[in-house]
Amino acid sequence: MNYQELREAERRIKREAPIFKEIPTLCYLPFMHIEATTTGECKQCCMATSAIMRDYSEIDTEELLELLDEIDHDGRDWLPGEKSEALLKLKDYMQVDKLMALPDTSNLSVKLVKRDVEREFNIPLLRVGEKDIGHWNLADNTLTDAFLGKFMHKLRDDFRNGKKPINCSRCWDEEDAGINSKRISFAEHFSHNDTIPDTIFTDPITEKGIQYIDLKLGNLCNLKCRICDSKSSSKWAQEDIDSLIIFDGIAKTKTMAPYRRLKLGNWPNENKNFWNDISENVLPNLKYLEFTGGEPLLIQEHFDLIQQIVDDDLAKNIHLSYNTNGTQLPTHAIENLWPQFKTVRLSFSIDDVGKRYEYQRYGANWDNVHNNITYMLNNKSDNVYMEITTTVNIFNIMNLPDIHDWLRTLPNFILEHSPNMSYWYINLLHTPEYLNICLLPDYAKTNIEHRLTNYNWLLPSHTTGYGLQNQFNHNILNVVEFMNTNVIIEPDASHNIDTTVLRAKAREKIFKHDYLRKENFQDIDPWLASVLQYDYKEMVKQWLPKTT
Ligand code: SF4
């Protein structure tokens, strides 16, 4: 989307939802939506730069006393002075109208929060011991607590008053750069395709409640995909512990970051109130229910919830959506539960085919995943729409034609971008930076570009029109253009990263996981191994000299 298209989108939104004429910077999401993150914090949406904070006045005394105990044991690195001084400082810092976070260090967005808050207030951020009481965390709280708390009230008021909240800076930055932000996409969607009356902005929020929830149900997962991390996969967290012990010589302790992530990521099992709150307070208004993870189809409570929705005859009101790794085949849901919902979207993460797929998505069996997807395509009800999502990274960019060839073998699979049809969605990986396609050397990029631009991205004959074919070719050209930019920016956006440094980091990461998994990337993809100058035996000498 360019600036002109963005302005046209804004004009369409104002036509469909007149309140945007008065307040062009409005966003639907804080008025209807809440997201649960894998570590239990809540956000108004996935683009928010920090989790929803909790005001000092919203913490009960018992919890504060617990915190003070914790400060004695774990807080040496964050607050100076005596308990009373610490408490006073805490009180000062935890006021919502100062937008001051006390973030958990396991939160990967800390750098962004830190940058934004420090720029705004010139105050350093502090960490509160083991337990992060500066946020509403779902290990102890509920979605309704967070949605109706002071932070969200203030955010909604800011939007009503035409302000641009700092927590939404990613959307403002994207719009300034002429990019279609999530705010604009949702404003178009809810003002036109799936209309939500714009009185949502003016009604007392407590009467309307949450209509859309995005549940990242902890980090329970059966795979440890190369592009993932311990925040999203419990298997990764276990491997991170082994890596720290073997390669960094760190003794195993319960305070290790991966241990904390294992604990934090288990919140859906720890808090029955979270599920009760959804059943009692959220379901009556609910229209959109998204599950991601971890692997959501491993979570029994999720099946209990959708069973309850069906039993209460609410499924016909709800659009259900999943991101899944495809290793599970929930036949009861396929046959009895999903057909009851208004629509169901299943997005399968497929990054390659065959042995290369199994290498990238460690723990998965390609034949099983292929059979599961085929079964669902053959047995799904008409309200179920399936997508394949490929996250393009250094491991798979050369192999996109092979994924396309596989897609064309699937029954009933139509490569068309339509809400009623199955679709192949190509997603560009930005982080971790050491797997970003921009880091590849120029000669490898030339080879990749040659393969991608000379391959015949033919759509099946029953799809209609050249427009669609052109759109697909355009998507592939976008991937090539991104690869050729050569610009990889640090997560804190402070500077570009040298690609030779990143290739060294890629070799290190590939080796450490190869060693722990008893794999060798040279056997999986000799061409890319040579491009990255990856030599397993040399890496052993470098990282484990005592064993050679
Ligand atoms: S403006 Fe952007 S970041 Fe803020 S709530 Fe809306 S979509 Fe999310």
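Note that this is a predicted model, so its numbers are computed, not measured.

Asker: Before we go on, may I ask you to explain the overall build of the chain in this structure?
Answerer: Within the chain one finds 25 helices and 10 strands. Going through the 548 residues of the chain one by one, you find that 36% of them count as buried. When contacts within the chain are restricted to residue pairs at least 6 apart in sequence, long-range pairs at least 24 apart make up 75% of them.

Asker: What should I look at first to understand the pairing of strand S9 (residues 384-392) in this one?
Answerer: Where a strand is regular, its side chains alternate between the two sheet faces. Direction of pairing for strand S7 (residues 343-349) relative to S9: parallel, over a ladder of six bridges. Residue pairing in the sheet places Ser347 in a bridge with Glu387 of S9. Both S9 and strand S10 (residues 423-428) contribute to a ladder of six bridges, which runs parallel. Bridge pairing in S10 links Ile388 to Trp424.

Asker: Can you help me understand the sheet that holds strand S2 (residues 42-43) in this one?
Answerer: Two orientations exist for strands paired in a sheet by backbone hydrogen bonds: parallel and antiparallel. Read from one edge to the other, the open sheet built from eight strands follows the order S2-S1-S3-S5-S6-S7-S9-S10, with strand pairing classed as mixed. Unpaired on one side and paired on the other, S2 and S10 mark the two borders of the sheet.

Asker: What's the story with the nonpolar core in this structure? I'm lost.
Answerer: Side chains that are nonpolar tend, in soluble globular proteins, to be buried together. Judged by nonpolar contacts, the single largest core of 102 residues is most densely connected at Cys42, Leu143 and Ile394. In terms of residues, this core owes the most to one element, helix H22 (residues 499-517), which gives five residues. Every residue in contact with Ile394, bar those within four places of it in the chain, is listed here: Leu435, Ile437, Leu439, Leu440, Ala506 and Leu528.

Asker: Looking at this structure, I do not really get the site of the ligand. What am I missing?
Answerer: The immediate surroundings of the ligand are formed by 13 residues, with Cys27, Cys45, Met47, Cys168 and Cys171 found nearest. Here the residues of the shell around the ligand sort into eight nonpolar, two polar and three charged.

Asker: In this structure, what is going on with unusual backbone geometry? I would like to understand it.
Answerer: Excluding glycine, residues mostly have negative phi values, and the peptide bonds linking residues are mostly trans. At the junction of Thr431 and Pro432, the peptide bond is cis and its omega measures out at 0 degrees in the coordinates. Topologically, Pro432 is positioned in the loop between S10 and helix H20 (442-454). Phi at Lys518 takes a positive value of approximately 55 degrees, unusual for a residue other than glycine. Structurally, Lys518 is set in the loop between H22 and helix H23 (521-524). A positive phi angle is found at Gln533, which is not glycine, with a value near 55 degrees. Classification of Gln533 by C-beta neighbours within 10 Å gives exposed; the count is 12.

Asker: Can you help me understand the pairing of strand S5 (residues 288-292) in this one?
Answerer: Relative to S5, strand S3 (residues 212-216) runs parallel, the two sharing five bridges. Its bridge partner being in S5, Asp214 is matched across the sheet by Glu290. For S5 and strand S6 (residues 319-324), the ladder comprises four bridges, and the chain directions are parallel. Paired with Phe291 across the strands is Tyr322, a residue of S6. Regarding topology, helix H15 (residues 300-311) serves as the crossover connection from S5 to the parallel S6, and that connection is right-handed.

Asker: Explanation requested: the environment of Gln307 in the structure shown.
Answerer: Counting through the fold element by element, Gln307 comes out in helix H15. Taking the C-beta count within 10 Å as the criterion, Gln307 has 15 such neighbours and is therefore assigned partly exposed. Gln307 sits 29 residues away from Asn336 along the chain, and the two C-alpha atoms are 9.2 Å apart.

Asker: Looking at this model, I keep getting lost on the packing of helix H11 (residues 234-248) against helix H12 (residues 257-264). Mind explaining?
Answerer: Geometry of a packed helix pair, given as the angle between the helix axes and the separation of the axes. Where H11 contacts H12, the axes come no closer than 8 Å and their chain directions differ by 160 degrees. Here H11 is positioned roughly antiparallel relative to H12, judged by the angle of their axes. Of the two possible hands of crossing, H11 and H12 adopt the one that is left-handed. Mapping the contact onto sequence places Ser234, Ala237, Asp240 and Ile241 in H11 and Pro258, Tyr259, Arg261 and Leu262 in H12.

Asker: How should the confidence of the model for the chain be read in this particular structure?
Answerer: Taken as a whole, the chain shows an average pLDDT of 82; of its residues, 77% reach a score of 70 or greater. Helix H5 (residues 110-121) is the least confidently modelled element of the chain, averaging 44 in pLDDT, while helix H24 (residues 526-531) averages 98, the highest of any element. Residue range residues 97-118 is modelled with pLDDT below 50. Its contacts to residues more than four positions away, or to other chains, number 60 contacts. Here residues 417-421 scores under 50 on pLDDT; set against residues more than four positions off or in separate chains, the count is six contacts.

Asker: How do you make sense of the environment of Val310 when you look at a structure like this?
Answerer: With respect to the helices and strands, the residue Val310 is situated in helix H15. On the neighbour-count criterion, Val310 (19 C-beta atoms within 10 Å) is partly exposed. As for Val310 and Trp338, which are separated by 28 residues in sequence, their C-alpha atoms are 8.9 Å apart. With near-sequence residues (within four places) excluded, Val310 lies in contact with Ala315, Leu337 and Gln340.

Asker: Even after reading the chapter, I still don't get the environment of Asn281, so can you show me in this structure?
Answerer: Positionally, Asn281 belongs in helix H14 (residues 272-282). Separated by 72 residues in sequence, Asn281 and Gly209 place their C-alpha atoms 8.3 Å apart.

Asker: How should I be thinking about H14 in this particular structure?
Answerer: In an α-helix, one turn spans 3.6 residues, which is why side chains three or four residues apart end up on the same side. Along H14, the residues classified as buried are Phe274, Asp277, Ile278 and Val282. Buried residues of H14, seen end-on, are gathered within an arc of 100 degrees and therefore sit on one face of the element. Counted as exposed and oriented over 90 degrees from the buried face of H14: Lys272, Asn276 and Glu280. Close packing links the buried residues of H14 with helix H6 (143-148), S3, helix H13 (267-270) and H15.

Asker: Before we go on, may I ask you to explain helix H19 (residues 400-407) in this structure?
Answerer: Here H19 has its buried residues at Leu400, Ile403, His404 and Leu407. Down the axis of H19, the buried side of the element spans an arc of 100 degrees, and every buried residue falls inside it. On its buried face, H19 is in contact with S9, S10 and H20.

Cut-offs applied
Residues numbered from 1 in each chain as written. Predicted model: local features only at pLDDT ≥ 70, side-chain atom pairs only at ≥ 80, totals over all residues. Helix = DSSP H or I, 4+ residues; strand = E, 2+ residues; numbered from the N terminus. Buried ≥ 20, exposed ≤ 12 C-beta atoms within 10 Å, placed from the backbone. Contact = placed C-beta atoms within 7 Å. Pairing = 2+ DSSP bridges. Core = buried A, V, L, I, M, F, W, Y, C linked by C-beta atoms within 7 Å. Near = placed C-beta within 6 Å. Nonpolar A, V, L, I, M, F, W, Y, C, P; charged D, E, K, R; others polar. Right-handed = clockwise from strand over helix to strand, strands pointing away. Axes fitted to C-alpha atoms, helices over the stretch in contact; angles between N-to-C directions. Parallel < 35°, antiparallel > 145°, perpendicular 65-115°, else oblique. Left-handed = near helix turned anticlockwise from the far one by under 90°. pLDDT = per-residue confidence, 0-100. Arc of directions from axis to C-beta.

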